[in-house]
Amino acid sequence: MAIEIFNHGAHRIIRFDDLTEPGDVQANQFLIIHGEKGMLLDPGGNKMFSKLVAEISKFIPPQKLEYLFLSHQDPDVGAGLNGYLLITDAKICFPEVWERFIPSFCTKSFVKDRVVAIPDRGMRLKLDGAEIVLVPAHFLHSPGNIQVYDPTSKTLFSGDLGASLLPFDNAYAIVGDFGAHVKYMDGFHRRYITSGQACARWATMARALDIERIVPQHGALFEGKAMVAQFIDWIAQLKCGVDLLAEQNWYQIPK
Ligand SMILES: [Fe+2]
Ligand SMILES: [Fe+2]
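These remarks concern the structure in this document. Residue indices begin from 1 for each chain and proceed along its sequence in written order. The order in which chains are written sets their letters, starting at A; the order in which ligands are written sets their numbers, starting at 1. Thresholds applied to this predicted model are a pLDDT of at least 70 for local features of residues and 80 or more for the giving and counting of side-chain atom pairs; totals over whole chains, interfaces and linings are not thresholded and use all residues. Think of the side-chain values as coming from all heavy atoms in the structure, minus any hydrogens and water.

## Side note on the packing of helix 6 (residues 196-207) against helix 7 (residues 225-236)
1) Next: Helix axes are fitted only over the stretch in contact, all axes being lines through C-alpha atoms; the angle between N-to-C directions runs from 0 to 180 degrees. For the purposes of this entry, the term helix denotes a DSSP run of H or I that reaches at least four residues, the term strand denotes a run of E that reaches at least two, and both are numbered from the N terminus. Contact geometry of helix 6 with helix 7 gives a least axis separation of 8 Å together with a crossing angle of 150°. Judged by the angle between their axes, helix 6 and helix 7 are roughly antiparallel. Of the two elements, helix 6 crosses helix 7, and the hand of that crossing is left-handed. Across the interface between the two elements, C199, A200, W202, A203, A206 and R207 of helix 6 pack against F231, I232, D233, I235 and A236 of helix 7. With respect to orientation, any angle under 35 degrees is reported as roughly parallel, any angle over 145 as roughly antiparallel, any angle of 65 to 115 as roughly perpendicular, and every other angle as oblique. Less than a right angle of anticlockwise turn of the near helix away from the far helix marks a crossing as left-handed, whereas a clockwise turn marks it as right-handed. In this description, contact between two residues means that some pair of their heavy atoms is separated by no more than 4.5 Å.

Structure representation (structure tokens):
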């Protein structure tokens, strides 16, 4: 279902949350519209391309997409890139450290002169005059990972950080009870998010942003300053990834 999570005249944000094939990991795709232009975040794989294009068309002609943003290199983020490059003139915003991997997703000639390589320290863009901030989130979880902060709506698109794997029969869109929600995030974060140090440093940066909502690529979003603060406090103290190496004791030659 397409949910409009922000609408203030010329500025809109739409979340698409049910385009994933049954059996695949649920993923959200986001469309930011400002004025005449659109920015599509983490559009996903080939299997949802035609469905997502049809959904986008209800809000903006796909040819009006100015940017395709890929937060990192995972297939659920950008494996369907080729199709969007064919039907639009949009630029691809991709972390600089992953730039050389883009041709693995698409026809090399489609990429020529269309890549905005996002440096490690992030950058700012204009979407039909509206500022969009691309902020670092390295190791959360990819070594080169970027998030999108939209100052107009005060929305932080956090990619896999904050992802929740919700039960099929209870896939709520907005977190109501943070304590009850943690069990749907915990296992994913312990295994896929790389380091507590990265989490704590990210939390310090996030607290300096004026955030009304945090919207991950998987599962439910965190709405309102109180819920955002609870999420950032949880991330700030998280032990995950390499913090758990001693506990896991994986590095044994398999018998
Ligand atoms: Fe990922
Ligand atoms: Fe993901």
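The discussion continues.
## Topic: the packing of helix 5 (residues 178-192) against helix 7
1) Next: Relative to each other, helix 5 and helix 7 sit at 40°, their axes nearing to 12 Å. One element, helix 5, and the other, helix 7, form an angle in the oblique class. For the element pair helix 5 and helix 7, the recorded crossing hand is right-handed. Contacts between helix 5 and helix 7 involve F178, V182, M185, D186 and H189 on the former and, on the latter, M227, Q230, F231, W234 and I235.
2) Next: Its residues placed into classes, the contact of helix 5 with helix 7 shows 7 nonpolar, 2 polar and 1 charged. Three categories are distinguished: nonpolar for Ala, Val, Leu, Ile, Met, Phe, Trp, Tyr, Cys and Pro, charged for Asp, Glu, Lys and Arg, and polar for the others, with Gly belonging to the last.

## Here's the deal with helix 1 (residues 49-56)
1) Next: With a 1.4 Å probe rolled over the protein chains alone, any residue whose accessible area is under 20% of its type maximum counts as buried; one over 50% counts as exposed, and the rest are partly exposed. All buried positions along helix 1 are accounted for by L52, V53, E55 and I56. Buried residues of helix 1, seen end-on, are gathered within an arc of 160° and therefore sit on one face of the element.
2) Next: Looking at the buried positions of helix 1, the neighbouring elements they touch are strand 1 (2-8), strand 2 (11-16), strand 3 (29-34), strand 4 (37-41), strand 5 (65-69) and helix 3 (81-87). It is the directions from the helix axis to the C-beta atoms whose arc is reported.

## Re the sheet that holds strand 8 (residues 123-127)
1) Next: Paired strands, as defined in this entry, are two strands with at least two bridges between them according to DSSP. On the basis of which strands lie adjacent, the open sheet formed by 6 strands has the order 8-9-10-11-12-13 and mixed pairing. In the strand order of this sheet, the two ends are held by strand 8 and strand 13 (222-223), each with one partner.
2) Next: Where strand 11 (residues 155-159) and strand 12 (residues 213-216) come together, 4 bridges link them in parallel fashion. Across the sheet, residue T155 finds its bridge partner in strand 12, namely R213.
3) Next: Strand contacts of helix 6: strand 9 (130-136), strand 10 (146-150), strand 11 and strand 12, with the helix running at about 160° to strand 9, the strand carrying the most contacts.

## Description of the pairing of strand 1
1) Next: Pairing analysis gives 6 bridges linking strand 1 to strand 2, with the strands arranged antiparallel. Each residue of the ladder has a partner; that of I3, found in strand 2, is R15.
2) Next: From the end of strand 1 to the start of strand 2, which pair antiparallel, there are 2 residues, and G9 there has a positive phi angle of about 65°.

## Observations concerning the environment of S153
1) Next: Among the structural elements, S153 can be located in the loop between strand 10 and strand 11.
2) Next: With 87 residues separating them in the primary sequence, S153 and C240 have C-alpha atoms 30 Å apart.

## Remarks on the coordination of the iron ion (ligand 2)
1) Next: Sites may look incomplete, because water is not among the atoms used; the donor set itself consists of N, O and S atoms within 2.8 Å of the metal (3.2 Å for Na, K and Ca). Distances from the iron ion (ligand 2) to its protein donors, D76 (OD), D160 (OD), Q217 (OE1) and H218 (NE2), fall at 2.1 to 2.3 Å.
2) Next: Separation of the iron ion (ligand 2) from the iron ion (ligand 1) amounts to 3.6 Å, with D160 serving as a shared donor to the pair.
3) Next: In this structure Q217 comes out as buried when scored by relative accessible area, which is 1%.

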